[in-house]
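Breakdown of the fold
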Amino acid sequence: MPAELACFEERCRARYPITEVIYNCPRCGGLLEAVYGKPAQPAEELKTLWRARRGSNAPLDQSGVWRYREFLPFLSEYQGVVTLREGNTPLLEARQAARYGGLERLVFKHQGFNPTGSFKDNGMTCGVAQALRLGMTRVACVSTGNTSASMAAYSSAAGLQPVVFIPHGNIAYGKLAQALEYGARTLQVEANFDQILALVRQLAERIGIYLLNSMNPFRIEGQKTIMLEMMDQRDWRVPDWVVLPGGNLGNTSAFGKALREMRDLGLIGRLPRLAVIQAEGAAPFYDLLRAPDRSRLIAVEHPQTLATAIRIGDPVSWPKALYEVTCSGGVVEKVTEQEIADAKAIIGRCGIGCEPASAATLAGIRKLTAAGTIARDADVVAVLTGNVLKDPDYIYRYHTGALEAPDGTRIMPNFGNSPKVVPNDADLIAGLLSQ
Ligand SMILES: *Cc1c(COP(=O)(O)O)cnc(C)c1O
Ligand SMILES: [Zn+2]
């Protein structure tokens with residue numbers, strides 16, 4: 001079966017050619033997903049092939065995304081693909097974090113090791129490959145975060161013009177700096193996020209820009225490889241839980257789809273359970289799972305959290321994510337700003353480090369083990385989504401006791417580590433260090 005785009009809505013399921021430039025179902029407005037037939041090779045052959053590619057010097061084989069291209073058959077050929085060697089992220093065991101989370105063992109899959117420092121790279125290499133195949137010369141997103149950093153890098157590397165639209169007066173400088181450095185034309189519009197999205201959609205059609213926003217189904221395809229690579233690294237032993245932060249819920253959708261596809265092809269025998277963690281001030285998906293009616297998500301109008309990567313009030317991929325959490329027997333938890341900040345410091349002390357949104361995972365694990373939802377001896381992989389250097393300002397403020405939650409309450413530096421000023425005196429410093 002050739003690849004197609006399919007509407008995700010069960011009552012519609014309309015199909016469209018894979019080369020149609022659409023972002024939602026033209027018939028019902030539903031989310032789109034890429035569908036295709038099974039790979040020709042049986043499961044064991046795929047596992048051997050993927051393992052062998054790790055020893056190859058061919059750029060596509062060195063990519064932790066395109067190495068698994070049998071699961072990305074939306075392209076008819078792979079010649080034009082641009083890779084920055086995304087993926088290839090480690091599984092890191094963390095004893096102190098395990099203890100803090102109430103577990104005997106805990107392993108982090110650290111997506112912050114990606115070329116631009118977040119898992120957005122896993123998806124963006126695929127989104128840009130589709131833009132190239134469609135003959136587009138410009139790509140765009142509305143973002144001040146990791147999406148714009150990643151899109152700028154991949155599209156520039158591919159010779160496309162990246163255009164980043166940002167809401168006026170609402171800038172995260174750290175990540176925006178990457179977008180500027182990677183050559184994105186950056187337009188600050190005097191409007192809110194939704195208004196800009198409408199504007200960009202109009203422009204996209206009028207002057208031929210390909211949109212690489214969260215609803216782009218090809219980005220989701222690329223993010224599937226995070227789970228493929230994790231299973232490959234674990235020699236296909238299925239964990240009990242995969243824990244991840246939830247913002248727009250694209251990653252939750254991608255992980256669920258990947259795991260189901262692996263199970264359906266016999267690569268794994270069962271599904272791990274997904275645990276999605278949201279910040280308390282931006283937890284519409286948490287609320288949805290507790291609502292009597294799950295047919296409609298109620299958006300949070302003013303989402304609030306210092307974990308800006310998950311400060312999302314109206315997550316676009318919630319229908320897919322709901323399906324995947326349900327299929328996997330998963331759960332959704334929410335955590336406070338204090339819990340995120342402390343968990344992040346613990347991950348730092350393990351020598352690992354991550355950005356604030358990523359630390360929601362460990363904070364969520366601590367709550368879920370305390371509640372008995374996750375067993376102490378469970379086999380758990382937590383996905384750290386972004387690099388520690390994405391948000392240095394947050395770090396410095398936490399350790400010096402100057403970090404404030406969006407509502408103005410002071411975050412306690414429970415695991416703080418502030419620099420001390422000392423005189424130029426060897427005896428005094430020696431005494432201080434021997435304490
Ligand atoms: C984008 C992002 C998230 C949120 O992922 P979704 O797919 O939108 O749920 C979490 N952490 C980091 C670091 C991100 O960049
Ligand atoms: Zn539809």
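Residues numbered from 1 in each chain as written. Chains lettered and ligands numbered in written order. Predicted model: local features only at pLDDT ≥ 70, side-chain atom pairs only at ≥ 80, totals over all residues. Heavy atoms only, no water.

We now examine the site of ligand 1. Every one of the 16 residues lining ligand 1 counts as a neighbour, but Lys120, Asn146, Gly247, Asn248 and Thr385 are closest to it. One nitrogen or oxygen atom from the side chain of Lys120 is found 2.6 Å from an oxygen atom belonging to ligand 1. In the model, an oxygen atom of ligand 1 is placed 3.1 Å from a nitrogen or oxygen of the Gly250 main chain. Against a free-state accessible area of 380 Å², the protein chains account for coverage of 95% of ligand 1. Here the residues of the shell around ligand 1 are counted per class, giving six nonpolar, eight polar and two charged. (Near = heavy atom within 4 Å. Polar contact = N/O pair within 3.5 Å; in protein donor to acceptor, adjacent residues only side chain to side chain. Areas by Shrake-Rupley, 256 points an atom, 1.4 Å probe, with all protein chains shown as cover. Nonpolar A, V, L, I, M, F, W, Y, C, P; charged D, E, K, R; others polar.)

The next thing to look at is the packing of aromatic side chains. Inspection of the entire model under this criterion finds nine aromatic pairs. Ring geometry for Trp50 and Phe71: centres 5.7 Å apart, planes at 75 degrees, overall edge-to-face. Linking Trp50 in helix α1 (residues 43-53) with Phe71 in the loop between α2 (59-62) and β4 (91-93), this pair joins segments that are 21 residues apart in sequence. Between Tyr100 and Phe415, the ring centres sit 5.8 Å apart and the planes meet at 85 degrees, which makes this aromatic pair edge-to-face. Here the residue Tyr100 occupies a position in helix α3 (residues 95-100), and Phe415 occupies one in the loop between α15 (392-399) and α16 (426-433), the gap between them amounting to 315 residues. Of the residues examined, Tyr100 reaches a relative accessible area of 14% and is grouped as buried. Relative accessible area serves as the criterion here: at 21%, Phe415 is assigned to the partly exposed category. An aromatic cluster of at least three residues, connected via ring pairs, comprises Trp50, Tyr68, Phe71 and Trp236. Cation over ring: Arg290 sits above Tyr286, and NZ or CZ is 3.8 Å from the ring centre. The ring of Tyr100 carries the charged tip of Arg366 above its face, separated from the ring centre by 4.1 Å. (Phe/Tyr/Trp six-rings, centres within 6.5 Å; stacked < 30°, edge-to-face > 60°. Helix = DSSP H or I, 4+ residues; strand = E, 2+ residues; numbered from the N terminus. Buried < 20%, exposed > 50% of the residue type's maximum accessible area, 1.4 Å probe, protein only. Lys NZ or Arg CZ within 6 Å of the ring centre and 35° of its normal.)

Moving on, we get to the pattern of salt bridges. Per the stated rule, a full pass over the model turns up 24 salt bridges. Asp232 is the partner of Arg51 in a salt bridge, and the nearest nitrogen-oxygen pair spans 2.9 Å. Separated by 181 residues along the polypeptide, Arg51 in helix α1 and Asp232 in helix α9 (residues 225-233) bring together distant segments of the chain. Arg67 serves as the salt-bridge partner of Glu229, at 3.9 Å between the closest nitrogen and oxygen. Of this pair, Glu229 sits in helix α9 while Arg67 sits in the loop between α2 and β4, placing them 162 residues apart in sequence. Each of the salt bridges in this network shares a partner with another, and the network as a whole consists of Arg51, Arg54, Asp232 and Asp235. (Salt bridge = Lys/Arg side-chain N within 4 Å of Asp/Glu carboxyl O.)

The coordination sphere of the zinc ion (ligand 2), as far as protein atoms go, consists of Cys7 (SG), Cys12 (SG), Cys25 (SG) and Cys28 (SG), spread over 2.3 to 2.4 Å. Note that the zinc ion (ligand 2) binds four donor atoms; their angles at the metal cover 96 to 115 degrees, and the shape is tetrahedral. Within one chain, the residues donating to the zinc ion (ligand 2) are spaced in sequence as C-x4-C-x12-C-x2-C. Given the relative accessible area of 3%, Cys25 is considered buried. (Donors = N, O, S within 2.8 Å, 3.2 Å for Na, K, Ca; no water. Tetrahedral: all angles 85-135°; square planar, octahedral: opposite > 155°, others 65-115°.)

Moving on to the nonpolar core. Formed by 58 residues in total, the largest nonpolar core has its most connected members in Trp66, Phe74, Phe165 and Tyr210. In terms of residue count, the dominant contributor to this core is helix α4 (residues 120-133) (five residues). Leaving out residues up to four positions away in the same chain, Trp66 has contacts with Arg53, Leu60, Leu72, Phe74, Leu75, Tyr78, Val81, Thr83, Glu86, Thr125, Cys126 and Ala129. If you look at the next biggest cluster of nonpolar residues, it comprises 42 residues, including Phe108, Ala363, Tyr394 and Tyr398. (Core = buried A, V, L, I, M, F, W, Y, C linked by side-chain atoms within 4.5 Å. Contact = heavy atoms within 4.5 Å.)

Attention now moves to the sheet that holds strand β3 (residues 32-35). In space, the three strands of this open sheet follow the order β2-β1-β3, with antiparallel pairing throughout. This sheet does not close on itself; its edge strands, each paired only once, are β2 (15-17) and β3. Strand-to-strand twist across the sheet, computed as the mean angle between neighbouring axes with direction ignored, equals 35 degrees. (Pairing = 2+ DSSP bridges. Axes fitted to C-alpha atoms, helices over the stretch in contact; angles between N-to-C directions.)

This paragraph deals with the sheet that holds strand β13 (residues 380-384). Spatial ordering of the open sheet is given by β4-β5-β13-β10-β11-β12, a layout of six strands whose pairing is mixed. On the outer flanks of this sheet lie β4 and β12 (331-335), each paired with one strand and no other. Averaged over all pairs of adjacent strands, the angle between strand axes in this sheet comes to 25 degrees, irrespective of strand direction. Pairing of strand β11 (residues 273-279) with β12 involves five bridges; the strand directions are parallel. Within β12, the residue paired with Ala279 across the bridge is Val335. Against the sheet, helix α13 (residues 337-349) engages β5 (107-110), β11, β12 and β13, with an angle of about 95 degrees to β12. In this fold helix α14 (residues 356-370) packs onto β10 (241-245), β11, β12 and β13, with an angle of close to 105 degrees to the strand it touches most, β12.

Another point: unusual backbone geometry. Of note in the backbone geometry, Trp236 takes a positive phi value of approximately 70 degrees without being a glycine. Secondary-structure assignment places Trp236 in the loop between α9 and β10. A relative accessible area of 12% places Trp236 in the buried class. At Leu249, a position not held by glycine, the phi torsion is positive, near 75 degrees. Assessed through its relative accessible area of 2%, Leu249 is described here as buried.

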